[in-house]
There are 2 protein chains.
Amino acid sequence: DEAGIIRDPLAIERQSFAMIDAEVGEHRFDAHQWPIVRRIIHTTADFDFATTTCFSPGVVGRALAALRAGACIYCDTNMVLAGVNKNRLAALGGRIACHVADPQVAAAAREAGVTRSIVALRQGVAEGAEIFLIGNAPTALFELLALAGRGEVRPALVVGVPVGFVGAAESKEALYASNLPYILCRGRKGGSAIAAAILNQLLILAAEG
Amino acid sequence: DEAGIIRDPLAIERQSFAMIDAEVGEHRFDAHQWPIVRRIIHTTADFDFATTTCFSPGVVGRALAALRAGACIYCDTNMVLAGVNKNRLAALGGRIACHVADPQVAAAAREAGVTRSIVALRQGVAEGAEIFLIGNAPTALFELLALAGRGEVRPALVVGVPVGFVGAAESKEALYASNLPYILCRGRKGGSAIAAAILNQLLILAAEG
């Protein structure tokens with residue numbers, strides 16, 4: 001019966017993945033990339049991401065190596081932070097922070113005349129972050145690109161999935177044109193749940209590998 | 001220049017809303033409903049929600065009255081909790097909780113042979129929640145419908161937006177067929193960000209009214 005089917009989370013996930021595999025059919029992703037794209041579709045029920053998701057060459061292997069070495073991660077919203085599996089991250093010795101809601105960040109942003117997301121990202125860089133999850137703020141992604149362009153940070157992975165109508169697609173095109181290691185979704189769509197889903201799938205792969 | 005445009009969050013929101021209005025064109029929503037649907041589209045960049053979002057009769061007015069009276073809210077994930085504007089909620093005297101990650105909930109779920117989401121929802125009901133935000137777990141929504149059917153809870157609002165391939169659409173159809181006050185998105189799509197966005201827009205409307 002229905003109640004029986006829906007009470008086993010792992011069975012639901014297997015069934016969902018089989019449905020996604022069947023509906024997508026042939027695709028352009030390799031064996032490292034597809035589990036990540038499938039996780040995004042699982043999180044959103046939106047097959048557009050099979051078209052819009054892009055990987056820079058070798059990015060998954062590099063990201064897994066960084067995660068296995070205990071990466072320091074910065075994310076741009078507290079929703080991303082809430083969505084990341086902390087047990088899996090801690091098991092690999094990693095840590096994650098978000099500073100966008102810190103009171104001193106709001107004060108510094110007002111003083112500097114920039115967004116809180118920019119000030120918060122700079123703090124993440126200062127703390128040694130090497131993996132960046134940007135699910136909301138184009139300004140944070142543009143700032144990261146500027147800092148990387150000046151050699152002030154060398155990311156092991158940039159997850160670039162801001163969502164929205166003004167600046168989001170443009171920020172992802174700038175990341176796409178960069179030489180940084182990225183996973184991104186072109187166009188307007190994206191969001192915090194997708195940023196968290198990408199990292200959670202990488203954490204699963206890192207623990208398996 | 002681009003940097004100038006994207007640094008004023010309110011200007012970005014106004015411009016985004018104008019783009020959404022223009023792209024959607026004529027629609028079937030009234031003046032109470034449209035700001036909520038527009039907020040969902042703003043959060044996802046997905047115009048499917050202009051088709052799938054449904055409101056029970058009079059639900060927005062009833063929800064605003066409950067929020068202005070200081071509602072007790074339960075949500076099914078910590079991502080929803082992270083996404084809700086706590087300052088706006090506190091200004092109206094409201095509060096919100098999520099129990100899905102509580103250690104005693106996991107233990108009780110194992111013992112009872114049900115999902116953590118079900119045990120956590122029951123705890124929210126026991127604490128007097130009258131507004132429910134279900135962005136992830138079909139089992140939580142089915143359980144809420146069962147409790148309401150037995151008269152054990154009388155919700156002022158059920159936001160029903162679980163996402164996924166197994167059970168999500170079915171749980172929302174069951175809510176759609178109920179006599180509860182609901183805002184829901186039919187089909188597979190939904191998610192925590194949408195649940196939070198709906199409540200955040202209601203909080204804005206409640207403060208304005």
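Note that the structure is predicted; figures quoted are calculated from it, not measured. (Residues numbered from 1 in each chain as written. Chains lettered and ligands numbered in written order. Predicted model: local features only at pLDDT ≥ 70, side-chain atom pairs only at ≥ 80, totals over all residues. Heavy atoms only, no water.)

*Asks:* Help me understand the side chain of Asp102(B) in this model?
*Replies:* Residue and element names in this part refer to chain B. Here Asp 102 shows up in the loop between strand 3 (95-97) and helix 8 (103-112). Despite its burial, Asp 102 pairs with no opposite charge, the nearest such side chain being Arg 116 at 8.5 Å. One polar contact links Asp 102 to His 99, side chain to side chain, over a distance of 2.8 Å. (Helix = DSSP H or I, 4+ residues; strand = E, 2+ residues; numbered from the N terminus. Buried < 20%, exposed > 50% of the residue type's maximum accessible area, 1.4 Å probe, protein only. Lys, Arg positive; Asp, Glu negative; His and termini not counted. Salt bridge = Lys/Arg side-chain N within 4 Å of Asp/Glu carboxyl O. Polar contact = N/O pair within 3.5 Å; in protein donor to acceptor, adjacent residues only side chain to side chain.)

*Asks:* Honestly, the relation of the copies chain B and chain A in this entry has me stumped. Any pointers?
*Replies:* Taken together, a rotation about one axis and a shift along it account for how the two chain copies relate. Superposition record for chain B on chain A: RMSD 0.0 Å, screw rotation 180°, translation along axis 0.0 Å. Those values place the two copies in the arrangement expected of a two-fold rotation axis. Residue Met79(B) of chain B places its C-alpha closer to the rotation axis than any other residue of that unit, at 2.5 Å. By residue overlap, the copies meet face to face through one surface: 100% of the interface positions of chain B are interface positions in chain A. (Least-squares fit on C-alpha atoms with pLDDT ≥ 70 in both. Contact = heavy atoms within 4.5 Å.)

*Asks:* Is there a simple way to explain the pattern of salt bridges in this structure?
*Replies:* All names here are of chain B. In total, this model carries 18 salt bridges over all chains according to the counting rule given. One salt bridge connects Arg 38 with Asp 21, and the closest N-O pair in it is separated by 3.1 Å. Taken as a pair, Arg 38 in helix 3 (residues 34-44) and Asp 21 in helix 2 (residues 9-24) lie far apart in primary sequence, 17 residues in all. Asp 21 gets classed as partly exposed once you look at its relative accessible area, which sits at 31%.

*Asks:* Just to check I follow, could you spell out the interface of chain B and chain A for this structure?
*Replies:* Contact with chain B, which involves 36 residues of that partner, is made by 37 residues of chain A. Between chain B and chain A the total buried area reaches about 3,000 Å² when both faces are included, carbon and sulfur atoms providing 71% of it. Counting across the interface, chain B meets chain A through four salt bridges. Taken together, the links from chain B to chain A amount to two residue pairs in polar contact (both at pLDDT 80 or more). Those elements that place two or more of their residues in the side of chain B that touches chain A are helix 1 (2-5), helix 2, helix 3, helix 6 (78-83), helix 10 (138-149) and helix 12 (192-208) of chain B. For the side of chain B that touches chain A, the element with the most residues is helix 2 of chain B, which contributes six residues. Class assignment of the residues belonging to the side of chain B that touches chain A gives a composition of 17 nonpolar, 12 polar and seven charged. (Buried area = accessible area lost by both parts, 1.4 Å probe. Nonpolar A, V, L, I, M, F, W, Y, C, P; charged D, E, K, R; others polar.)

*Asks:* Got a minute to help me understand the pairing of strand 2 (residues 72-75) of chain B in this structure?
*Replies:* Walk down a regular strand and you will see the side chains alternate between the two sheet faces. Residues and elements named next belong to chain B. Alternating residues of strand 2 divide into Cys 72 and Tyr 74 and Ile 73 and Cys 75, and every residue in both groups is buried. Bridge analysis of strand 2 against strand 3 gives three bridges, and the strand direction is parallel. Bridge pairing links Ile 73 to Ile 96 in strand 3. Pairing analysis gives three bridges linking strand 2 to strand 4 (residues 131-134), with the strands arranged parallel. Looking across to strand 4, one finds that Ile 73 is bridged to Ile 131. (Pairing = 2+ DSSP bridges.)

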